[in-house]
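Here is how the chains run, residue by residue.
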4 protein chains.
Amino acid sequence: MPEREKPGEECGLFGIWSPRRSPLASLVYCGLFALQHRGQESAGIAVNDDGVFSACRDEGLVSEVFSHGRLEALGEGNIALGHVRYATTGSDRRENAQPLLVNHHKGSMALAHNGNLVNSMELRKLLEEKGSIFHTTTDSEAIAYVIVRERLGCGSIEEAVSRAMDTLEGAYSLVIASPSKLIAARDRHGFRPLCMGKLADGSVVFASESCALDAIGAAFLRDILPGEVVTVGEEGIRSDRRHCGLCPRRLCAFEYVYFARPDSVIDGASVCLARRRAGEFLAREHPAEADVVVGVPDSGLDAAIGFAHASGIPYEIGFTKNKYVGRSFIAPTQGERESAVRLKLNPIRAVVEGKRVVLIDDSIVRGTTCRRTIRLLREAGAKEIHLRVSAPPFRKPCYYGTDIDSAENLIANRHTIEEIAGILGADSLGYLSLEHLRLLTGGDEGFCTACFGGEYPTAVPADGEKRRFERKIHSNGN
Amino acid sequence: MPEREKPGEECGLFGIWSPRRSPLASLVYCGLFALQHRGQESAGIAVNDDGVFSACRDEGLVSEVFSHGRLEALGEGNIALGHVRYATTGSDRRENAQPLLVNHHKGSMALAHNGNLVNSMELRKLLEEKGSIFHTTTDSEAIAYVIVRERLGCGSIEEAVSRAMDTLEGAYSLVIASPSKLIAARDRHGFRPLCMGKLADGSVVFASESCALDAIGAAFLRDILPGEVVTVGEEGIRSDRRHCGLCPRRLCAFEYVYFARPDSVIDGASVCLARRRAGEFLAREHPAEADVVVGVPDSGLDAAIGFAHASGIPYEIGFTKNKYVGRSFIAPTQGERESAVRLKLNPIRAVVEGKRVVLIDDSIVRGTTCRRTIRLLREAGAKEIHLRVSAPPFRKPCYYGTDIDSAENLIANRHTIEEIAGILGADSLGYLSLEHLRLLTGGDEGFCTACFGGEYPTAVPADGEKRRFERKIHSNGN
Amino acid sequence: MPEREKPGEECGLFGIWSPRRSPLASLVYCGLFALQHRGQESAGIAVNDDGVFSACRDEGLVSEVFSHGRLEALGEGNIALGHVRYATTGSDRRENAQPLLVNHHKGSMALAHNGNLVNSMELRKLLEEKGSIFHTTTDSEAIAYVIVRERLGCGSIEEAVSRAMDTLEGAYSLVIASPSKLIAARDRHGFRPLCMGKLADGSVVFASESCALDAIGAAFLRDILPGEVVTVGEEGIRSDRRHCGLCPRRLCAFEYVYFARPDSVIDGASVCLARRRAGEFLAREHPAEADVVVGVPDSGLDAAIGFAHASGIPYEIGFTKNKYVGRSFIAPTQGERESAVRLKLNPIRAVVEGKRVVLIDDSIVRGTTCRRTIRLLREAGAKEIHLRVSAPPFRKPCYYGTDIDSAENLIANRHTIEEIAGILGADSLGYLSLEHLRLLTGGDEGFCTACFGGEYPTAVPADGEKRRFERKIHSNGN
Amino acid sequence: MPEREKPGEECGLFGIWSPRRSPLASLVYCGLFALQHRGQESAGIAVNDDGVFSACRDEGLVSEVFSHGRLEALGEGNIALGHVRYATTGSDRRENAQPLLVNHHKGSMALAHNGNLVNSMELRKLLEEKGSIFHTTTDSEAIAYVIVRERLGCGSIEEAVSRAMDTLEGAYSLVIASPSKLIAARDRHGFRPLCMGKLADGSVVFASESCALDAIGAAFLRDILPGEVVTVGEEGIRSDRRHCGLCPRRLCAFEYVYFARPDSVIDGASVCLARRRAGEFLAREHPAEADVVVGVPDSGLDAAIGFAHASGIPYEIGFTKNKYVGRSFIAPTQGERESAVRLKLNPIRAVVEGKRVVLIDDSIVRGTTCRRTIRLLREAGAKEIHLRVSAPPFRKPCYYGTDIDSAENLIANRHTIEEIAGILGADSLGYLSLEHLRLLTGGDEGFCTACFGGEYPTAVPADGEKRRFERKIHSNGN
């Protein structure tokens with residue numbers, strides 16, 4: 001797909017500590033499988049068997065990277081990590097697959113990371129000036145370095161993680177395996193989610209979303225707090241909260257709007273209900289005279305139901321989504337026809353023909369896909385199309401790990417709402433207001449709204465531009 | 001998956017005739033992609049370039065079998081066929097992939113077939129007694145033989161097809177390519193669907209379902225009639241209806257209930273609306289006191305909306321389906337836990353907790369999956385579960401191409417409705433009645449209802465049992 | 001490799017009958033592995049377990065086609081066949097892989113074939129006129145048809161094979177498996193080799209070359225006679241010689257010169273010694289004043305030793321052959337440099353520098369490779385190069401299964417010996433004479449020498465040209 | 001292959017600097033292809049395009065790792081490195097593939113290494129104590145670190161390499177690419193070879209063996225001296241010899257005996273002639289009354305010719321080696337039969353039957369393969385077998401990169417020569433003497449003979465045992 005149609009650049013984390021040695025890789029596999037929507041580019045699992053780490057990481061979906069043989073080769077252990085990763089560029093993407101596995105003075109360490117630092121350039125520079133070498137282009141390697149250096153001067157890995165958090169700035173949820181402990185940490189703003197669960201056999205589990213706990217039959221315990229470090233080992237579960245409460249919570253709003261699975265509960269709020277509520281708000285903010293409410297699959301469906309319930313207009317399934325569309329699909333190249341969109345999303349004529357349609361989408365980036373979807377609905381006989389978007393317009397770059405295209409490509413950055421409606425071919429258009437977005441989960445608990453034009457919760461990289469390490473290794477020295 | 005959870009053994013057909021030589025393979029690719037739900041086991045395309053046939057057929061999904069290189073290698077042509085096929089057993093399944101390509105006295109012929117003959121054993125025996133050899137275990141090869149033998153004694157391929165229909169008994173929709181013509185044929189009962197469309201450039205297209213016409217931007221023309229032979233060539237489109245109207249139409253009801261895509265229109269009726277109507281009938285036949293109506297994805301969703309509209313109980317999305325479940329997924333093997341089901345279909349607690357739920361499924365075969373789904377709903381907090389099934393109970397084997405497990409495994413064959421409800425753990429259970437099934441598409445236009453205990457529209461194989469050629473080649477002679 | 005450097009189009013056969021059910025596929029694997037030099041394009045194994053045949057056939061080397069899993073999936077049996085095949089053209093080459101597996105009136109049959117019929121076009125035409133259909137483009141399918149039709153009218157499969165031999169004209173060695181018997185047959189002229197061996201456990205083995213018997217530890221019993229049909233079954237080994245002695249033996253001389261492995265013994269003569277003898281004859285026919293004798297690896301080496309022994313000039317290893325050159329090697333494309341040849345075959349400067357070199361090659365087709373080899377020797381410092389070729393010049397097409405390029409590309413067809421020496425850059429050039437070729441194996445036992453300008457032992461296809469079915473299926477009818 | 005039959009653990013290096021930007025990857029491909037015998041486990045290429053490095057590294061043969069697409073993706077550049085690597089153990093072997101690519105303070109660096117440090121454990125410990133992290137288990141990463149740390153305190157990369165050589169102990173040949181320079185270095189003892197060549201267009205090439213220069217048509221310039229650092233850049237070629245002449249040359253004798261290709265010239269001596277000379281020495285040291293001299297392919301052949309010339313006994317080709325044996329070959333598992341050996345190496349009965357045979361092998365490790373080879377010769381009718389080995393007996397471990405099995409498995413470590421002859425089934429046995437080994441290349445220029453019981457040229461790892469990092473990452477800390 002040449003064009004990014006939706007915000008991207010997420011990752012999914014999974015970690016497990018078991019009271020006894022067992023084949024943990026298959027549990028991590030199930031957990032990653034439930035987190036697959038957070039990253040389709042690469043997948044990896046690391047298993048720690050009493051300090052000996054084995055890892056398997058590669059480009060591809062979880063089901064492509066792992067075969068029975070590969071899972072078995074990972075053997076048994078009592079701590080294991082898993083990671084799925086969104087697209088990065090460059091020819092050597094395989095090497096950026098996580099978990100990262102390093103040897104250091106005090107032993108080995110595996111680390112999996114979700115989010116983006118805002119000071120990774122500075123950190124790399126400082127570390128390189130002390131003679132460090134970098135193998136990958138990820139900021140995760142800088143995180144590992146900072147932790148390892150702190151580890152030299154303190155008595156435990158969890159203390160080193162906590163001290164490192166004084167240095168790391170930006171968005172990071174982490175799961176880390178040392179030879180004998182499993183550690184979870186979340187940056188002070190809590191940009192990215194991370195939760196904890198428990199299996200009946202006493203195993204402790206960390207995951208980016210609660211749906212991964214469900215996947216392995218684990219009970220949800222609680223969310224990791226912004227700024228918290230949780231350590232699991234033979235001595236039980238310990239929490240270090242010295243970084244908590246130092247700044248307001250700033251969870252990425254897009255976790256509710258688009259990234260997360262509807263069956264997940266994040267920071268105490270159901271994703272499904274948050275989307276439903278977005279639809280209800282839209283019905284109040286931007287009502288429409290219409291015959292049916294239809295959502296763009298998959299993340300527009302819950303908001304469509306919310307709109308339908310609030311407005312009294314019947315909810316309908318308006319599209320058939322081809323569930324076989326995957327990375328190996330060969331898009332047709334002939335002519336300018338819209339068939340690639342139609343192959344993925346065919347409107348159901350029997351539902352929309354002759355109808356006034358409220359169409360709910362979760363976001364508009366460039367608008368290209370949305371324009372084609374609306375055209376398909378018209379061709380299928382829709383009389384009017386009232387587009388409602390369950391998030392405010394994108395206007396600014398994100399430095400915390402959400403890839404939302406460059407500012408000049410964002411349709412909302414260059415056009416008024418009316419113009420956008422015209423470009424897309426909609427009879428009317430309404431976005432969710434920033435005020436309502438803040439109330440998505442019931443009360444105003446603090447989202448990061450920087451990309452919608454709100455305040456950036458941290459300093460941003462000095463050149464005011466989104467820096468990208470996610471490229472080929474580059475250098476200018478000698 | 002060791003157990004067949006749903007009826008199976010379908011195929012999808014696609015054929016195109018173009019007024020000029022062009023790279024047809026990519027159009028067939030798009031068409032097959034839209035028909036992928038009809039068969040995930042193998043895929044094939046054959047291109048006829050002025051009598052020279054090239055073909056590519058293999059096990060796997062359309063997107064797995066065909067790469068850019070393979071599509072290009074098929075070259076240009078003015079007639080092309082495509083086929084997707086459901087699972088068959090045996091080590092040499094690749095050889096059963098279609099389209100079948102044969103050389104004969106009058107040239108070459110490619111053939112793609114959907115359905116099952118009831119007299120293929122007899123035909124093979126007769127042909128072998130005349131010295132014929134069989135390479136595959138499909139009844140399609142017997143069809144090809146019968147047509148080729150008729151061709152020896154008549155002046156055109158379409159006449160040979162028509163004469164062959166006197167011999168072929170059972171279910172068959174066919175698309176056939178001769179060196180200069182494209183032919184579509186449907187058995188007298190019309191067991192399997194087949195329709196015709198047209199591209200703006202004058203190309204004529206045949207497909208199992210209308211969604212494949214949409215996929216390539218073709219306009220729907222009409223359904224092929226039961227018993228009709230349609231021939232496309234330089235002289236235009238000709239219809240031979242000598243076999244039409246000789247017996248009542250007997251389309252497989254499962255095309256509406258489960259097989260077909262909701263955006264398809266089959267024999268004049270929208271699949272989506274037929275499912276909606278099933279839900280409405282269920283609401284009348286088997287009403288329930290409940291708080292929400294929830295469908296089992298994907299084919300239960302439309303019926304759930306129908307039930308919701310007719311009953312006034314709100315429709316909700318009750319499950320998150322993991323869209324990455326595919327053939328390469330490694331199901332967990334540890335213990336008896338239900339996690340394989342949960343990995344695929346996780347209930348949304350926020351939607352069902354504390355609620356009385358109407359659950360709509362499209363069919364119950366053994367009941368194992370259904371029982372697990374109900375248990376997951378209970379664990380997610382559902383207070384009551386009222387199961388409604390949008391088809392009558394399965395009781396009899398199908399000889400026309402639908403694989404519905406052996407009779408002794410069918411739960412409805414051994415238990416009363418009440419017993420089934422108990423086994424599945426449902427608070428109440430209601431199946432669609434045979435009377436309402438007949439009215440799915442508006443009027444009583446004639447479905448095959450043999451598997452629900454209705455009459456078999458044809459003679460059935462002599463030993464009263466489902467014969468299976470779909471095995472290793474076997475012989476007992478010398 | 002765009003250009004065929006050496007004669008091609010061979011196949012290798014293997015068949016085994018065991019007195020008890022056992023995992024025969026791994027024995028066939030070893031046998032085929034030893035016959036790999038006879039065909040690198042495709043490989044196949046068929047196992048007969050009491051009349052139930054399983055087969056695995058694909059493009060690629062034996063080691064590529066067969067994994068542990070695939071061998072195991074073939075299961076146990078008491079009869080098995082194997083086949084390796086040289087390159088054919090067309091997009092559907094996989095379907096031409098053998099053994100061919102067919103069902104017919106009296107059961108199933110597997111067949112593997114080496115050689116080319118001269119009347120396969122006529123046979124196909126006759127069979128098609130009776131309503132037969134052909135799936136492949138091989139003449140092996142015509143052979144199967146003829147046998148199956150004969151089988152209808154006679155009491156046993158071996159009788160059917162023998163009767164079929166009245167109809168089949170040209171070159172064919174066959175191994176055939178019926179539900180209970182293993183049959184080997186060789187055409188009356190004995191164009192292609194076939195021999196028989198025995199394992200200690202009583203198993204009977206047929207193979208194209210004796211090296212395949214060595215590979216599985218089988219003792220060599222004897223060669224199959226030209227025209228003989230040997231049947232192995234529960235009643236033991238029976239021989240039908242009714243077609244023997246009807247015409248003179250005409251084994252392809254290239255089996256000794258190039259095709260066969262030096263450790264094989266064919267029709268009573270060692271391949272290694274035959275090559276040695278070719279070198280000795282060359283030393284007498286075309287002596288040279290020189291310092292070293294060097295062979296072009298691999299098949300020129302034995303002749304080089306023969307030349308050295310007969311001439312008294314020391315034998316040396318003059319080239320290092322890169323043993324990793326395989327089908328996936330990417331030849332360099334930059335400029336006109338000779339590096340592709342040098343990558344495969346690097347002269348050893350220490351051996352040839354300042355020396356007068358006798359260079360022994362087994363054949364010259366177009367001369368391109370030979371010219372480059374000579375240039376490399378010059379660059380490595382060779383002072384004089386006296387090229388000796390261990391076969392007579394190619395001048396005519398072969399209709400019996402050896403692909404020697406089209407006549408207009410054969411350098412010997414258009415140039416005198418002196419001209420060829422000039423073109424190749426050799427200081428002198430000598431070919432083995434036809435007279436000496438006839439004496440390669442000791443006495444004059446009758447080779448086919450048609451390609452060297454001798455008589456064709458059979459009628460040749462009517463149009464006087466090499467016909468090729470080995471293409472896309474083509475047709476011209478309606 | 002469960003057992004290592006021959007010494008292993010080598011690597012091959014290739015580096016090129018071009019005066020202009022061009023697609024260097026295909027040249028490196030050809031060079032690595034010629035060096036494939038030095039490492040079949042993994043292959044890698046790194047291309048430097050004006051400071052931007054692209055790399056492709058993976059397990060497998062050169063021809064397996066690189067496709068046309070992958071070579072093209074590496075793009076153009078003016079400096080490039082290549083590496084092939086012998087087997088290492090562990091599940092994450094892909095990550096040990098070289099060239100190593102790192103980012104550091106002054107830019108990027110790629111590094112390829114052949115050999116083994118003896119102080120890498122100490123270096124890693126020191127570096128880890130300063131907070132360094134290690135991603136791989138290779139000592140090459142320690143080399144990179146040492147160089148990068150030196151680079152912080154000096155003005156150029158070549159100066160940093162030279163300073164690093166004060167710290168690095170053991171065996172290392174290196175090729176290194178900085179953003180603007182290509183550097184080659186060889187340890188003071190010169191354990192591993194490295195040479196330099198030139199292309200007609202002014203490109204400078206480094207390679208482990210001269211055969212890689214031949215492969216790309218480069219002229220041989222000279223060998224890199226033990227202790228030398230050669231730097232190539234815009235300023236031309238500069239040599240730093242401050243480490244030269246500080247200790248005697250200690251090239252690994254096995255480079256001549258077994259590792260290198262016969263067409264290579266190493267440190268001024270032809271490998272082919274060195275082997276020839278080994279055979280001549282053997283004929284004098286251990287003469288035999290025999291009818292034929294036969295070498296074990298491939299590295300025994302030249303020594304056999306030497307023995308034949310010196311003794312007057314005729315040289316013969318006694319075995320056919322199956323050239324299709326590769327990594328994917330499935331060895332037969334049934335029974336105790338010797339068929340795996342026979343599949344690879346079949347004796348030619350016509351050559352050895354009834355003969356007294358001198359058999360030349362290059363080395364004996366455990367003796368298992370040799371015993372089987374001798375048994376095959378007996379079964380093929382050899383009357384007497386006089387085994388001559390073109391190297392002295394192995395008795396001690398190697399710390400410099402040659403893997404010769406653990407001491408307790410070395411047959412020569414536990415048995416007298418007479419006992420070994422008895423175990424192997426030879427009628428007589430003679431090894432090359434240490435004195436003659438020293439004269440292999442004409443004069444006594446100084447080989448490392450530690451594994452034959454000579455002196456170790458360096459301190460050896462403290463625990464007196466071969467340490468192996470080439471395992472899973474292991475740690476014991478917290």
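Everything quoted here is computed from the prediction, not taken from an experiment.

**Student:** Looking at this model, I keep getting lost on the nonpolar core. Mind explaining?
**Tutor:** Counting residues in each nonpolar core, the largest one holds 82 residues, and the members touching the most others are Tyr256(C), Tyr315(C), Leu440(C), Phe452(C), Tyr256(D), Tyr315(D) and Leu440(D). For Tyr315(C), the residues in contact, after removing those within four places along its chain, are Val293(C), Leu301(C), Ala304(C), Ile305(C), Ala308(C), Ile305(D), His309(D), Tyr315(D) and Ile317(D). Among the nonpolar cores identified, the runner-up in size contains 81 residues, and Ala283(A), Ala288(A), Ile305(A) and Ile305(B) belong to it.

**Student:** What is the right way to read unusual backbone geometry from this model?
**Tutor:** Among all residues save glycine, negative phi is the norm, and among peptide bonds the norm is trans. Look at the link from Pro297(A) to Asp298(A): it is a cis peptide, with omega at -5 degrees. With respect to the element layout, Asp298(A) can be found in the loop between β17 (292-295) and α10 (301-311). Phi is positive for Asp267(A), which is not a glycine, with a value near 45 degrees. Residue placement: Asp267(A) occurs in the loop between β15 (265-266) and β16 (269-270). At Asp50(C), a position not held by glycine, the phi torsion is positive, near 55 degrees. For Asp50(C), a relative accessible area of 63% gives the class exposed.

**Student:** Even after reading the chapter, I still don't get the relation of the copies chain D and chain C, so can you show me in this structure?
**Tutor:** Each of the two chain copies goes to the other by way of a rotation about an axis and a shift along it. Note on the copies: chain D fits chain C at an RMSD of 0.0 Å, the axial shift is 0.0 Å, and the rotation between them is 180 degrees. As the rotation angle and translation indicate, the two copies are arranged about a two-fold axis. Across chain D, the smallest distance between a C-alpha and the rotation axis is recorded for Lys323(D), namely 3.5 Å. Taken as a fraction of all interface residues of chain D, those also at the interface in chain C reach 100%, which identifies the copy contact as same-surface.

**Student:** What am I meant to see in the sheet that holds strand β11 (residues 219-223) of chain C here?
**Tutor:** Strand pairs in the sheet, formed through backbone hydrogen bonds, run parallel or antiparallel to each other. All names here are of chain C. Taken together, 7 strands build an open sheet; the order of strands is β3-β2-β4-β1-β10-β9-β11 and the sheet is antiparallel. At either end of the open sheet lies a strand with only one pairing partner, and these are β3 (52-59) and β11. Across the sheet, the axes of successive neighbouring strands diverge by a mean angle of 15 degrees, strand direction being ignored. As defined by bridge partners, strand β2 (residues 42-49) adjoins strand β4 (residues 77-85) across 7 bridges and the pair is classed as antiparallel. Bridge pairing links valine 47 to alanine 80 in β4.

**Student:** I'm lost on helix α6 (residues 157-164) of chain C in this one. Help?
**Tutor:** Residue and element names in this part refer to chain C. Among the 8 residues that make up α6, 6 are buried, leaving the element largely enclosed by the rest of the structure. Of all the positions in α6, only Ile157, Glu158, Ala160, Val161, Ser162 and Ala164 are classed as buried. Against β6 (107-114), α5 (139-152), β7 (173-177), β8 (182-186), β12 (229-233) and β13 (236-240) lie the buried residues of α6.

**Student:** What is the right way to look at the interface of chain D and chain C in this model?
**Tutor:** For interface size, the figure often reported is the accessible area lost on association. Chain D puts 54 residues into the contact, and the matching count from chain C is 55 residues. Here chain D meets chain C over a buried area of about 4,500 Å², counting both sides, of which 62% is carbon and sulfur. For the pair chain D and chain C, the interface holds 4 salt bridges. Taking the shortest distance from any N to any O, the salt bridge between Asp298(D) and Lys323(C) comes out at 3.8 Å. Element by element, the count of residues in the side of chain D that touches chain C is highest for helix α1 (residues 25-34) of chain D, at 6 residues. For the side of chain D that touches chain C, the class distribution of residues is 28 nonpolar, 15 polar and 11 charged.

**Student:** Looking at this structure, how should I read the relation of the copies chain D and chain A?
**Tutor:** Under the fitted operation, chain D is carried onto chain A by 0.0 Å of movement along the axis and a turn of 180 degrees, and the coordinates agree to an RMSD of 0.0 Å. Most of the interface of chain D is mirrored in chain A, where 100% of its interface residues again form contacts.

**Student:** I keep staring at the interface of chain D and chain A and nothing clicks. Help me out?
**Tutor:** Counting residues at the interface gives 52 residues for chain D, matched by 52 residues for chain A. For the pair chain D and chain A, the summed buried surface comes to about 4,400 Å²; carbon and sulfur atoms form 46% of the total. Linking chain D to chain A there are 0 salt bridges. Along the contact surface separating chain D from chain A lie 7 residue pairs in polar contact (both at pLDDT 80 or more). A per-element tally of the side of chain D that touches chain A places helix α5 (residues 139-152) of chain D first, with 7 residues. When the residues that make up the side of chain D that touches chain A are grouped by side-chain class, the tally is 15 nonpolar, 20 polar and 17 charged.

Reading the values: the criteria
- Residues numbered from 1 in each chain as written.
- Chains lettered and ligands numbered in written order.
- Predicted model: local features only at pLDDT ≥ 70, side-chain atom pairs only at ≥ 80, totals over all residues.
- Heavy atoms only, no water.
- Core = buried A, V, L, I, M, F, W, Y, C linked by side-chain atoms within 4.5 Å.
- Buried < 20%, exposed > 50% of the residue type's maximum accessible area, 1.4 Å probe, protein only.
- Contact = heavy atoms within 4.5 Å.
- Helix = DSSP H or I, 4+ residues; strand = E, 2+ residues; numbered from the N terminus.
- Least-squares fit on C-alpha atoms with pLDDT ≥ 70 in both.
- Pairing = 2+ DSSP bridges.
- Axes fitted to C-alpha atoms, helices over the stretch in contact; angles between N-to-C directions.
- Buried area = accessible area lost by both parts, 1.4 Å probe.
- Salt bridge = Lys/Arg side-chain N within 4 Å of Asp/Glu carboxyl O.
- Nonpolar A, V, L, I, M, F, W, Y, C, P; charged D, E, K, R; others polar.
- Polar contact = N/O pair within 3.5 Å; in protein donor to acceptor, adjacent residues only side chain to side chain.

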